[in-house]
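The primary structure of each chain is shown beneath.
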Amino acid sequence: PRAAGFAACSSGAGASIVTGDARALPYRGGIFDLVLARDLLHHVAEHRARVVEEMKRVCRPGGHVVVVESNPLHPVVAALAIARPGERGMLSMSPGWIARAIGRDWHPEVIREEPSTLARIVWYRTWSGRIPPTGRTGRIVSALERMARVAEPRGLWAYLVVRGRKPGLRHPAQ
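On a predicted model such as this, the values are computed, not experimentally measured, just so you know.

Participant: Please explain helix α3 (residues 75-83) as it appears in this structure.
Facilitator: Each α-helix winds once per 3.6 residues, and so residues spaced three or four apart point in a common direction. Among all positions in α3, only Val77, Ala78 and Ala81 are buried. Viewed along the axis of α3, the buried residues span an arc of 100 degrees, placing them on a single side of the element. Turned more than 90 degrees from where α3 packs its buried face, Pro75 and Ala83 sit exposed. Close packing links the buried residues of α3 with β2 (59-70).

Participant: What is the right way to read the pattern of salt bridges from this model?
Facilitator: Any two side chains of opposite charge can pair if their charged atoms end up close together. What the rule picks out here adds up to seven salt bridges. We note a salt bridge from Arg38 to Asp39, for which the minimum N-O separation is 3.8 Å. The class of Arg38 is partly exposed, set by a relative accessible area of 40%. Measuring nitrogen to oxygen at the nearest pair gives 3.3 Å for the salt bridge that ties Glu53 to Lys56. Taken together, the residues Glu53 and Lys56, both in helix α2 (residues 48-58) and three residues apart, mark about one turn of the helix. By relative accessible area, Glu53 is classed as partly exposed at 38%. Taken together, the salt bridges that share partners define one network made up of Arg50, Glu54 and Arg57.

Participant: Looking at this model, I keep getting lost on the pairing of strand β1 (residues 32-38). Mind explaining?
Facilitator: Pairing geometry for β1 and β2, over six bridges, is parallel. Along β2, the bridge assignment pairs Leu36 with Val66.

Participant: What's the story with the packing of aromatic side chains in this structure? I'm lost.
Facilitator: The geometry of an aromatic ring pair is captured by two quantities: the separation of the ring centres and the angle between the planes. Under the counting rule described, the total for this entry stands at one aromatic pair. Ring geometry for Tyr27 against Phe32: centres 5.0 Å apart, planes inclined by 90 degrees, an arrangement best described as edge-to-face. The cationic tip of Arg38 hangs over the ring face of Tyr159; the distance from NZ or CZ to the ring centre is 4.6 Å.

Participant: How do you make sense of the environment of Tyr27 when you look at a structure like this?
Facilitator: For Tyr27, the position within the fold is in the loop between α1 (2-10) and β1. A sequence separation of 31 residues divides Tyr27 from Val58, and the C-alpha atoms of the two residues are 6.8 Å apart. When near neighbours in sequence (up to four residues on either side) are disregarded, Tyr27 contacts Val18, Phe32, Arg57 and Val58.

Conventions and cut-offs
Residues numbered from 1 in each chain as written. Predicted model: local features only at pLDDT ≥ 70, side-chain atom pairs only at ≥ 80, totals over all residues. Heavy atoms only, no water. Buried < 20%, exposed > 50% of the residue type's maximum accessible area, 1.4 Å probe, protein only. Helix = DSSP H or I, 4+ residues; strand = E, 2+ residues; numbered from the N terminus. Arc of directions from axis to C-beta. Contact = heavy atoms within 4.5 Å. Salt bridge = Lys/Arg side-chain N within 4 Å of Asp/Glu carboxyl O. Pairing = 2+ DSSP bridges. Phe/Tyr/Trp six-rings, centres within 6.5 Å; stacked < 30°, edge-to-face > 60°. Lys NZ or Arg CZ within 6 Å of the ring centre and 35° of its normal.

Printed below as a string of structure tokens:
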């Protein structure tokens, strides 16, 4: 409920927020151009494959499935996962697993983005995930994030992004 409230405040005009079971999404197949899971799979370790299958099911031909997960090779991510039991699933995430789950016929592309976890730590520790830092604090965090993009090796970037395109052509009449 708290996450849904945050999403409702953050979403664009016309967006609707639906809560439910990611293993059985309440939609018919092939209706979304983009299906995104961010920081979800490491919380549902025993159901990861099923969640990805559901994402693929509701994706329209020619649409994309995007999975964003924490990179367990990043030292801050690893420390967070060790310190917080609810985050331990991050340690077993890998771009290879995500790409295989999406499937070879979807031509998954592994992208490493978002180098530093500083903003995430400041956001969650200071504001408990309610709103991102703004004003002076937001500018400081943004400046540190820009510096981290230059300083951190790509393989240690904080987030892994894997994108796959559903085979088939998108039919405008759908």
